[in-house]
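Read off the chains here:
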Amino acid sequence: LSVVHSLTWCIVEQEKFVRRGRDMFETEQLRFFYSLEECFGATKPDVALFSSVLQYIEAPFDLLRSVMNSGAPYIIVDRTPFSAMGVDRLCVQHVPAEIYPASYPCWIFSETKFKACLQGDYELVADFDGTVDGSGSVDDLAFYHRGMFWKRR
């Protein structure tokens, strides 16, 4: 990052996190937004980072297309579950009881379909194993966590 002369981190999050972030942490370098549209209205991102988030979004490909349409030169996807199947699969993730009792809808993406979404406008520069999160299975579906670094063509 030695070539970066200044850095501004814009976080798009859930309402409670944005309110708390703005009240307690916001600076000129750290900003919080309720939506991508609000963020894009205030700044033009150079990098969009999705770290363990796309799988919890109701319409993840709509979100990806919004970022692609913003003109962001780079997209980084990390800690995201993929499978070798040709279709995406919506599952239920159960939080271990020792953490807290909850469950969430969670996508397991077809790696081929996911890459096809980005390949028209972006070039895959690097992909890597999500070693922290590892692999697993849901019913008959094996999945693994991957990260990807994309650069606009």
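Refer to the structure presented above.
Residues numbered from 1 in each chain as written. Predicted model: local features only at pLDDT ≥ 70, side-chain atom pairs only at ≥ 80, totals over all residues. Heavy atoms only, no water.

Visitor: Lay out the overall build of the chain with the relevant residues and their values.
Guide: Tallying secondary structure elements over the chain gives four helices and nine strands in all. Its helices and strands in sequence order give the chain the pattern β-α-β-α-β-α-β-β-β-α-β-β-β, from N to C terminus. Over its C-alpha trace the chain gives a radius of gyration of 17 Å, about what one expects of a compact globule, namely 15 Å for 153 residues. Along the longest, intermediate and shortest principal axes, the C-alpha atoms of the chain span 45 × 40 × 30 Å. Looking at the chain as a whole, 29% of its 153 residues qualify as buried. Carbon together with sulfur atoms contributes 54% to the accessible area of the chain, which is approximately 9800 Å² in total. Taking the average location of the 15 positive side-chain charges in the chain and that of its 21 negative ones, the two points are 3 Å from each other. (Helix = DSSP H or I, 4+ residues; strand = E, 2+ residues; numbered from the N terminus. Rg over C-alpha atoms; globule rule 2.2 N^0.38 Å. Buried < 20%, exposed > 50% of the residue type's maximum accessible area, 1.4 Å probe, protein only. Areas by Shrake-Rupley, 256 points an atom, 1.4 Å probe, with all protein chains shown as cover. Lys, Arg positive; Asp, Glu negative; His and termini not counted. Charge placed at Lys NZ, Arg CZ, Asp CG, Glu CD.)

Visitor: Would you mind going over the packing of helix α3 (residues 60-70) against helix α4 (residues 111-119) in detail, with residue names and values included?
Guide: Two measures define how a pair of helices packs: the angle their axes make with one another and the distance between the axes. Between α3 and α4, the shortest axis-to-axis distance is 10 Å and the interhelical angle comes to 25 degrees. As the angle between them shows, α3 and α4 are arranged roughly parallel. Along this stretch, α3 crosses α4, giving a crossing that reads as right-handed. Touching Phe61, Leu64, Arg65 and Met68 of α3 are Lys113, Phe114, Cys117 and Leu118, all from α4. (Axes fitted to C-alpha atoms, helices over the stretch in contact; angles between N-to-C directions. Parallel < 35°, antiparallel > 145°, perpendicular 65-115°, else oblique. Left-handed = near helix turned anticlockwise from the far one by under 90°. Contact = heavy atoms within 4.5 Å.)

Visitor: Could you give me a rundown of unusual backbone geometry, with the residues and numbers involved?
Guide: Of note in this structure, Arg79 is not a glycine but carries a positive phi near 50 degrees. With respect to the element layout, Arg79 can be found in strand β4 (residues 74-83). Phi angles above zero are rare outside glycine, and Asp139 is one such case at about 50 degrees. Summarising the element assignment, Asp139 is placed in the loop between β8 (135-138) and β9 (141-152). On the basis of relative accessible area, Asp139 is assigned to the exposed category, the value being 69%.

Visitor: Give me the pairing of strand β3 (residues 47-51): which residues, what numbers.
Guide: Where burial is concerned, the two faces of β3 differ: the one with Ala48 and Phe50 is buried and the one with Val47, Leu49 and Ser51 is not. Bridge count between β3 and β4: five bridges; the pairing is parallel. Each residue of the ladder has a partner; that of Ser51, found in β4, is Asp78. A crossover links β3 with its parallel partner β4, the connecting element being α3, and its sense is right-handed. (Pairing = 2+ DSSP bridges. Right-handed = clockwise from strand over helix to strand, strands pointing away.)

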